[in-house]
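# Fold and geometry: a report
Chain residues, written in single-letter form:
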Amino acid sequence: MEKNLTSGSVFRNIVYFSLPYLLSYFLQTLYGMADLFIIGQFNGVDSITAVSVGSQVMHMLTVMIVGLAMGSTVTIGKAVGARHSEHASAAVGNTITLFMGVSAVFTVLLLALVKPVVSLMSTPAEAVAGTVTYLTICFMGIPFITAYNIISSVFRGLGDSKSPMYFIGAACVANIFLDYLFIGVFHLGAAGAALGTTLSQTISVVLALTVILRQQTGIRLKRQHFQPQSKTMGQILKIGIPVALQDGFIQIAFIVITVIANRRGLNDAAAVGIVEKIIGVVFLVPSTMLSTVSALSAQNIGAGKHDRAALTLRYAVWIAAGYGLLISFATQFTAAAEVGLFTEDAAVILLGEQYLQGYIWDCMFAGIHFSFSGYFCAYGRSGISFLHNFLSIVCVRIPGAFLASKYYADTLFPMGLAAPGGSLLSVLICAAAFFWMRIQISKSRNI
């Protein structure tokens, strides 16, 4: 259901929009963690590594689709804020057309390249077969992954963050049940994890389509809205492509670090894979702030309320930074127990504890630059987000992880510190870009 977020308390609007979004992210992360947790209960380190490596590839693909969909969320949000229902309908129709083509290309291309992808990941030999099987099944489900994210981007652009929460909730419950069925009962290993993921995503999409057909969204779609319109499609791509590339580069950095860990051995690979899942949980608030700022700011910008957009950013930065500091400090004492939830292997637990204790500080710095990125995207300046993330990756994250791995062969703690180091650089660039933008906005008002 369409909801206007351009009036009333800014903080209340943030809470109203972000809490369902936060729960959605939590459910989506739980959805992803279920595979790793359940397979760890029934299989060995080789299967854990196969699912870890495979799910990281799928996560990269998913976040790139979500990044591209950010263009749709912002475009729809601006139209809603400006009360242009025809523009909103055109944005929704063009989004569906665009993503149908994207999903078809991705499915065919990745199925053809599954073995090279596994090889590129430097997957340990013991886990190669399981990883190939896992990815082959998941690649077949790309159309459903894409469909879910299309639906979610449309609802969030309309100011509705609750409906996507229900859809992913249904998928999460189904995934846990199917994982236990395929992995625990039928002993299908990595293949069972992939089947559970793909089938549960299908259930989520079917539920979402059912709700759309029965619910009044305020959008009336006609045949002409599905025909590519250069202005509408151009705006979606102008915002979405830099975000998708940015998210892609971030995931490439994660994959490069995974490759570095894989080359250190099976225990290091398993430890890094487990920590990445834990990081996915603690990053829920930063990720929520990014999406919340982009959606709320887009509506306010569409309504010409630039000060409310800036205030939204300010609240988000304080929420994300405070949360990150608290979590980072607490994790120094709980890291071993958190890693121990996924495995009983003492060597993996020790390595995972070291990596997590360094990595966790990224939660604070990333939360800040995530919020800024949402603000930049709302203004159609997602190129700034791409720039600071690119510089962070090539200047700090990857070289930092490589050097740490080379000179500290007995511990993963220095490798973990590469991530917060890169995010700190991003924060500095974002702050400079924000003040420059505020000056430009002020000048445009005085003209």
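Going by the structure above, here's the rest.
Residues numbered from 1 in each chain as written. Predicted model: local features only at pLDDT ≥ 70, side-chain atom pairs only at ≥ 80, totals over all residues. Heavy atoms only, no water.

## Notes on the overall build of the chain
Looking only at helices and strands, one finds 16 helices and zero strands in the chain. At 21 Å, the chain has a C-alpha radius of gyration in line with the 22 Å of a compact globule built from 447 residues. Seen along its three principal axes, the alpha-carbon backbone of the chain occupies a region of about 60 × 45 × 35 Å. Looking at the chain residue by residue over its 447 residues, the buried ones come to 59%. Taking the contacts inside the chain whose residues are at least 6 apart along the sequence as the reference set, 84% of them involve residues at least 24 apart. Carbon and sulfur atoms form 69% of the exposed surface of the chain, whose accessible area is close to 17,900 Å². Between the centroid of the 25 positive side chains of the chain and the centroid of its 17 negative side chains there is a distance of 21 Å. (Helix = DSSP H or I, 4+ residues; strand = E, 2+ residues; numbered from the N terminus. Rg over C-alpha atoms; globule rule 2.2 N^0.38 Å. Buried < 20%, exposed > 50% of the residue type's maximum accessible area, 1.4 Å probe, protein only. Contact = heavy atoms within 4.5 Å. Areas by Shrake-Rupley, 256 points an atom, 1.4 Å probe, with all protein chains shown as cover. Lys, Arg positive; Asp, Glu negative; His and termini not counted. Charge placed at Lys NZ, Arg CZ, Asp CG, Glu CD.)

## What about the packing of aromatic side chains?
The geometry of an aromatic ring pair comes down to the distance between the two centres and the angle between the two planes. Summed over all chains, the structure comprises 14 aromatic pairs. Measuring from centroid to centroid gives 6.4 Å for F182 and F186, while their planes differ by 35 degrees, and the two rings are tilted. For F182, a relative accessible area of 12% translates into the label buried. Relative to F434, the ring of F372 lies with its centre 5.7 Å away and its plane at 65 degrees, an arrangement referred to as edge-to-face. Pair noted here: F372 is in helix α14 (residues 362-378) and F434 is in helix α16 (residues 413-446), with a separation of 62 residues, a long-range link. We classify F434 as buried; its relative accessible area is 13%. Each member of the aromatic cluster is reached from another via a ring pair, and the members are F372, Y375, F376, Y379, F434 and F435. (Phe/Tyr/Trp six-rings, centres within 6.5 Å; stacked < 30°, edge-to-face > 60°.)

## Describing helix α9 (residues 230-262)
With 33 residues, α9 should cover 48 Å at 1.5 Å per step; its first-to-last C-alpha distance of 45 Å lies within 8% of that length. Approximately 30 degrees is the largest bend angle found in α9, and it occurs at G240, with the proline P242 only one to four residues beyond. (Expected span 1.5 Å × (residues − 1). Bend = angle between axes of the 7 residues up to and from the residue.)

## Some remarks on the nonpolar core
Membership of the largest hydrophobic core comes to 111 residues, with the highest contact counts inside it found for Y134, L135, Y375 and F376. Sort the elements by how many residues they give to this core and helix α2 (residues 45-81) lands first, with 14 residues. Not counting the four nearest positions on each side in its chain, F376 is found in contact with R381, S382, I384, S385, C430, A433, F434 and M437. One finds L27, A147, I151 and F167 within the second-largest nonpolar core, a separate group that totals twelve residues. (Core = buried A, V, L, I, M, F, W, Y, C linked by side-chain atoms within 4.5 Å.)

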